[in-house]
Amino acid sequence: MIRINELLGIKYPLIQGGMANIATGEFAAAVSNAGGLGLIATGGVSAEELRRQIHICKEKTKEKFGVNLMLMHPQAEEIADILIEEEVKIVTTGAGNPAKYMKKWKEAGIFIMPVVANVALAKLMEREGADAIIAEGTESGGHVGEMTTMALVPQVVKAVSLPVIAAGGIASGAQLAAAFALGALGAQIGTCLLVSQECPIHEGYKQALLKAKDSDTIVTGRITGTPVRVLKNQMAREYVKREKQGADKMELEEFTLGSLRKAVYEGDTKRGSLMAGQVAGQLEEIRPLSVILDILMKEYQKVIKAVSSF
Ligand code: TUI
């Protein structure tokens, strides 16, 4: 099978993760211009604002780009139609089951790549007509499942005959090589793009990522049912404590209300929800997107040569 870059008509086999409140049209265009597949996030933006972001992205890149539909979005229905109206060619989905939109997306010729966190949803998505599957391990930032990338990817590869893209825990050439070794034909990356020059998050958020060590992320919401991986801080610790004490979902939602926005726009590293994957501990410096992607691919080439000489 051919790699996802050939399938999509992009330079590198790298697609950007959704990243609510962060991946604007301008950012997605910058990822696409750097050789990856940029995706505009829908989490945190209204349907009308999304339409504007799609227009911005089209102006800023001639390369392929897509939109990530966060299925818990209150306007998910409306956004599903906007994607068709705006002739978006590639869609990834997250945080749910997109089956009810897939027939009309397929009729519109959209290339559909649902993000799944287990084999059951991967199989269902194949039956519903997905074009590729993004298998996302719990190492990822944001909303996560239970399985690790190492265990999930080969099991999804075995279960479906579609191209599989590995996600979660990929930020170096060695990790990219590992993803291919597991049978993936591409990788989704997110956390390592947060520390790009082009990423529109607050400088405080970027500095917190650079400071993070290997075990500085924590999953909030495991008990209440919406697990989200973030950098450990006062807010995250307090959330988990209250959750263990039996706080109800409404109370916790009030507590975290606007916390992602606080992190992204104000750089509030104490009270904000700084979504990040476990690779945060690997991040060392702020670089242009093109450098991040080029280095990742160069490292990958070196790693496969070294491994094959064993
Ligand atoms: O969606 C993601 N990552 C996200 S979404 C997001 S915005 C958000 N913020 C706070 C709370 C909730 C969302 C931040 N990060 N990744 C893909 C992903 N999808 N991970 C896990 C899943 C998933 C979970 C349950 C997919 C399907 C599912 O259930 C399927 C069903 O049938 O309901």
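What you see is a predicted model; the values in this text were computed from it and never measured.

**Notes on the site of the ligand**
Part 1 of the argument: Close to the ligand lie 15 residues, the nearest being Ala95, Gly96, Val115, Glu136 and His143.
Part 2 of the argument: In the environment of the ligand, a nitrogen atom lies 3.0 Å from a nitrogen or oxygen atom belonging to the side chain of Glu136.
Part 3 of the argument: Taking His143, its main chain carries an N or O atom lying 2.9 Å from a nitrogen atom of the ligand.
Part 4 of the argument: Isolated, the ligand exposes 710 Å² of accessible area, and the fraction of that covered by the protein chains is 69%.
Part 5 of the argument: For the shell around the ligand, the class distribution of residues is 8 nonpolar, 6 polar and 1 charged.
Part 6 of the argument: The residues that make up the shell around the ligand include at least three from each of domain 1 (4-198 + 282-308) and domain 2 (213-275).

**What to know about helix H6 (residues 119-128)**
Part 1 of the argument: Within H6 the residues assigned to the buried category are Leu121, Ala122 and Met125. Within H6, the buried residues cover an arc of 105 degrees as seen down the axis, which keeps them to one side. Exposed residues pointing more than 90 degrees away from the buried face of H6 are listed as Ala120 and Arg127.
Part 2 of the argument: The distance from a side-chain oxygen at the start of H6 to the backbone nitrogen of Ala120 is 3.4 Å, and the residue carrying that oxygen is Asn118.
Part 3 of the argument: Of the residues flanking the end of H6, it is Gly129, one or two places downstream, whose phi is positive at about 105 degrees.

**So, the side chain of Ser196**
Part 1 of the argument: With respect to the helices and strands, Ser196 occurs in the loop between helix H9 (191-194) and helix H10 (203-211).
Part 2 of the argument: Here Cys199 takes part through its backbone nitrogen, which lies 3.2 Å from a polar atom of the side chain of Ser196.
Part 3 of the argument: Aside from chain neighbours lying at most four places away, what touches Ser196 is Phe27, Lys206, Ile286, Arg287, Leu289 and Ile292.

**Brief notes about the sheet that holds strand S3 (residues 65-70)**
Part 1 of the argument: Taken in spatial order, the 8 strands of this open sheet run S1-S9-S8-S6-S5-S4-S3-S2, and their pairing is parallel. Pairing within the sheet leaves two strands with one partner each, and these edge strands are strand S1 (14-16) and strand S2 (38-41). When the angles between neighbouring strand axes are averaged without regard to direction, this sheet yields 25 degrees.
Part 2 of the argument: Both S3 and strand S4 (residues 90-94) contribute to a ladder of 5 bridges, which runs parallel. Paired with Met70 across the strands is Gly94, a residue of S4.

**Focus: the packing of aromatic side chains**
Part 1 of the argument: Inspection of every chain in the model, using the stated rule, returns 2 aromatic pairs.
Part 2 of the argument: Its guanidinium or amino end placed over the ring of Phe180, Arg3 lies 3.8 Å from that ring's centre, counting from NZ or CZ.

**Things to note about unusual backbone geometry**
Part 1 of the argument: A positive phi angle is found at Met19, which is not glycine, with a value near 55 degrees.
Part 2 of the argument: Note that Met19 resides in the loop between S1 and helix H2 (25-33).
Part 3 of the argument: Among the residues examined, Met19 registers a relative accessible area of 17% and is labelled buried.

**Side note on the environment of Thr148**
Part 1 of the argument: Relative to the assigned elements, Thr148 resides in the loop between strand S7 (142-143) and helix H7 (149-159).
Part 2 of the argument: Once residues lying within four places of it in the same chain are set aside, the contact partners of Thr148 are Gly137, Thr138 and Glu139.

**Observations concerning the sheet that holds strand S11 (residues 228-231)**
Part 1 of the argument: The 3 strands are arranged S7-S11-S10 in an open sheet whose pairing can be described as antiparallel. Lying at the two open borders of the sheet, with one neighbouring strand each, are S7 and strand S10 (217-220).
Part 2 of the argument: The sheet contact formed by S10 and S11 spans 4 bridges and is antiparallel. The residue of S11 that forms the bridge with Val219 is Arg229.
Part 3 of the argument: Here helix H11 (residues 234-244) sits on the sheet and contacts S10 and S11; the angle it forms with S10, its principal contact strand, is near 40 degrees.

**Some details on the side chain of Thr220**
Part 1 of the argument: Among the secondary structure elements, Thr220 is positioned in strand S10.
Part 2 of the argument: Under the relative-accessibility criterion, Thr220 is labelled buried at 8%.
Part 3 of the argument: Residues in contact with Thr220, not counting those within four places in the same chain, are Thr226, Pro227, Val228, Val230, Ala236, Tyr239, Val240 and Glu243.

What counts, and where the lines are drawn
Residues numbered from 1 in each chain as written. Predicted model: local features only at pLDDT ≥ 70, side-chain atom pairs only at ≥ 80, totals over all residues. Heavy atoms only, no water. Near = heavy atom within 4 Å. Polar contact = N/O pair within 3.5 Å; in protein donor to acceptor, adjacent residues only side chain to side chain. Areas by Shrake-Rupley, 256 points an atom, 1.4 Å probe, with all protein chains shown as cover. Nonpolar A, V, L, I, M, F, W, Y, C, P; charged D, E, K, R; others polar. Domains from an automatic or database assignment. Buried < 20%, exposed > 50% of the residue type's maximum accessible area, 1.4 Å probe, protein only. Helix = DSSP H or I, 4+ residues; strand = E, 2+ residues; numbered from the N terminus. Arc of directions from axis to C-beta. Contact = heavy atoms within 4.5 Å. Pairing = 2+ DSSP bridges. Axes fitted to C-alpha atoms, helices over the stretch in contact; angles between N-to-C directions. Phe/Tyr/Trp six-rings, centres within 6.5 Å; stacked < 30°, edge-to-face > 60°. Lys NZ or Arg CZ within 6 Å of the ring centre and 35° of its normal.

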